[in-house]
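Observations on the model geometry
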Protein chains: 2
Amino acid sequence: MTAETPVPATGDTAGEPAHRRRRDAAETRQLLLDAARQRFARDGYAATTVRDIADDAGVNVALISRYFTSKEGLFEACLRAAGDELGRTTGQTPADRVPEAIARHIAGLGAAGLSSQLALLLRSSGDAEADDIRRGVLVRSSEQLAAARGWRPGEPDSQQLLLRAQMALAAGIGVAVLRSSIRLEPLSSATEHDLVGPLRDLVDALLPPH
Amino acid sequence: MTAETPVPATGDTAGEPAHRRRRDAAETRQLLLDAARQRFARDGYAATTVRDIADDAGVNVALISRYFTSKEGLFEACLRAAGDELGRTTGQTPADRVPEAIARHIAGLGAAGLSSQLALLLRSSGDAEADDIRRGVLVRSSEQLAAARGWRPGEPDSQQLLLRAQMALAAGIGVAVLRSSIRLEPLSSATEHDLVGPLRDLVDALLPPH
DNA sequence: ACTAAATGTAAACGTTTGCTGACTTAGCCA
DNA sequence: TGGCTAAGTCAGCAAACGTTTACATTTAGT
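The structure presented is a predicted model; accordingly, all values stated were derived computationally and were not measured. (Residues numbered from 1 in each chain as written. Chains lettered and ligands numbered in written order. Predicted model: local features only at pLDDT ≥ 70, side-chain atom pairs only at ≥ 80, totals over all residues.)

1. Structural notes on the relation of the copies chain A and chain B
Put simply, the two copies of the chain differ by a rotation about an axis and a shift along that axis. In the superposition of chain A on chain B (RMSD 0.1 Å, axial shift 0.0 Å), the rotation amounts to 180 degrees. Such values leave the two copies arranged in the relation of a two-fold axis. Closest approach to the rotation axis within chain A is made by the C-alpha atom of Ala-171 of chain A, at a distance of 1.8 Å. The fraction of interface residues of chain A whose copies in chain B are also interface residues reaches 100%, indicating that both copies meet through the same surface. (Least-squares fit on C-alpha atoms with pLDDT ≥ 70 in both. Contact = placed C-beta atoms within 7 Å.)

2. Structural notes on the interface of chain A and chain B
Listed as interface residues are 35 residues of chain A and, on the opposing side, 35 residues of chain B. Among the secondary structure elements, those contributing two or more residues to the side of chain A that touches chain B are helix H7 (128-147), helix H8 (158-180) and helix H9 (192-206) of chain A. In terms of residue count, the dominant contributor to the side of chain A that touches chain B is H8 of chain A (13 residues). Split by residue class, the side of chain A that touches chain B holds 22 nonpolar, seven polar and six charged. (Helix = DSSP H or I, 4+ residues; strand = E, 2+ residues; numbered from the N terminus. Nonpolar A, V, L, I, M, F, W, Y, C, P; charged D, E, K, R; others polar.)

3. Structural notes on the nonpolar core
Of all hydrophobic cores here, the largest spans 120 residues; its most connected members are Ala-168 of chain A together with Ala-168 of chain B. In contact with Ala-168 of chain A, not counting residues within four places along its chain, are Leu-145, Leu-202, Val-203, Leu-206 and Leu-207 of chain A. (Core = buried A, V, L, I, M, F, W, Y, C linked by C-beta atoms within 7 Å. Buried ≥ 20, exposed ≤ 12 C-beta atoms within 10 Å, placed from the backbone.)

4. Here we look at the packing of H9 of chain A against helix H8 (residues 158-180) of chain B
Helices that pack against each other are described as a pair by the angle of their axes relative to one another and the distance between those axes. It is at 11 Å that the axes of H9 of chain A and H8 of chain B come closest, and there the two elements cross at 55 degrees. On the basis of their axis angle, the class for H9 of chain A and H8 of chain B is oblique. Of the two elements, H9 of chain A crosses H8 of chain B, and the hand of that crossing is right-handed. Together, Asp-194, Pro-198 and Leu-202 of chain A of H9 of chain A and Leu-163, Arg-164 and Met-167 of chain B of H8 of chain B make up the contact between the two elements. The residue makeup of the contact of H9 of chain A with H8 of chain B, split by class, is four nonpolar, no polar and two charged. (Axes fitted to C-alpha atoms, helices over the stretch in contact; angles between N-to-C directions. Parallel < 35°, antiparallel > 145°, perpendicular 65-115°, else oblique. Left-handed = near helix turned anticlockwise from the far one by under 90°.)

5. Observations concerning the confidence of the model for chain A
Counting all residues, the mean pLDDT for chain A is 85, and 87% of those residues have values of 70 or more. Note that pLDDT drops below 50 for residues 1-18 of chain A; the model gives that stretch twelve contacts with residues more than four away or on any other chain. (pLDDT = per-residue confidence, 0-100.)

6. Description of the packing of H7 of chain A against H8 of chain A
All names here are of chain A. Between H7 and H8, whose axes approach to 8 Å, the crossing angle comes to 115 degrees. What the angle tells us is that H7 and H8 run roughly perpendicular. Here H7 and H8 pass one another in a crossing that is right-handed. Side by side, H7 and H8 meet where Leu-138, Ser-141, Ser-142, Glu-143, Leu-145 and Ala-146 of the first sit next to Leu-161, Leu-162, Ala-165, Gln-166, Ala-168 and Leu-169 of the second. Along the lines of polarity and charge, the residues of the contact of H7 with H8 split into eight nonpolar, three polar and one charged.

7. Details of helix H1 (residues 25-43) of chain A
Residues and elements named next belong to chain A. With 19 residues, H1 ought to run about 27 Å at 1.5 Å a step, and its terminal C-alpha atoms sit 26 Å apart, in line with that. Within H1, burial applies to Arg-29, Leu-32, Ala-35, Ala-36, Arg-37, Gln-38, Arg-39, Phe-40 and Ala-41. The elements touched by buried residues of H1 are helix H2 (50-57), helix H3 (62-68), helix H4 (71-91) and helix H6 (114-120). Gly-44 occupies a position one or two residues after H1 and carries a positive phi of about 90 degrees. (Expected span 1.5 Å × (residues − 1).)

This is the structure:
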């Protein structure tokens, strides 16, 4: 069910309203999306209840059904958002800056921000459509990563390169989860600066720059 | 609650009984443990129901409470078993064979076997005691891995080496999950032989052999 | 063979879950 | 101001969950 969300027909799609309205569908939707992303990423899909999310967002539970049809719909929206965010990063990163970009993603860039987008990608809801979305995001990301290191689709030996790109992606996601969800020390309190060196070694070893 | 399991006082602790008993507490316990490990590893803690596990094991639901006190207790038992298994592998692996050992773990070594032990390590139940067990397993494994590459506890710069070992472990776990749970292709159908090369590059890059 | 303990079964319990329908309130334009 | 619609609230349902209780069957010792 790919329900279109009933976004309110507010004229101004760009720019903040000068003073916040007490009722603003777009803002409420975003509040739910943010709260859900963090909960899903940290606790997983099944362990997260819609009441948890609504409370975090400071919003009534019933609005989840209104804006996202169901808990599943909200989860899929989170995956799509994570895919957009990730694609925006990997898409415009020059080949030799990929490790830095991953490190920045993992390290957080502002408290509990982008790091949870990565961790979200290995949370599963059991729903087939959500799985398709996630697989799509992962395939696209690994192909972009592989392409930055010389991979061209269809070439005979290129499967090896794609495999290696997926392993690099898996490494990044694994680190993100061990940091944010499992809280393994010293990995958990390592800074972006601490991570970028080892990550560069890791990515360069899997996908030698050419 | 670290409930001791009421193991039956069968005299023969070693060797299989010649003909299988129709009721055997030790065997039932093991059936539950195996079924639970696979479910927990693939679907996560919250998404797995005790009825699922009992059905997989071909056993009555109430026996989970009998042998493991609770679903939590069963999960903790799975973590302990995974820790033992992993420790047995990493403990007796010479330094230069570590990547091969990881690859063998990931690749499965017999259908859905050891691979799920690795994936289990990033499943969380939210319970504090289970978190402690998992953290212990991860810390011990990463220390063994780091020690195999020259790390000595307490040395000033050794924190860097431990961090890198944890990242290597995170990479292995990430690959295991992307393979077994997310089923990302071509990573998912890669053989042990396909994996060992990239894994060797990865581990050697993070922890240079000395 | 008899008995007591060990093992397994069936049904139900109270709670929590995602979701819904009827209702109330705020925003906006005539 | 009055009224209409979008936005948010509230109470509660049915299903699924982990666990328990009372009962049945098997095993082992004598």
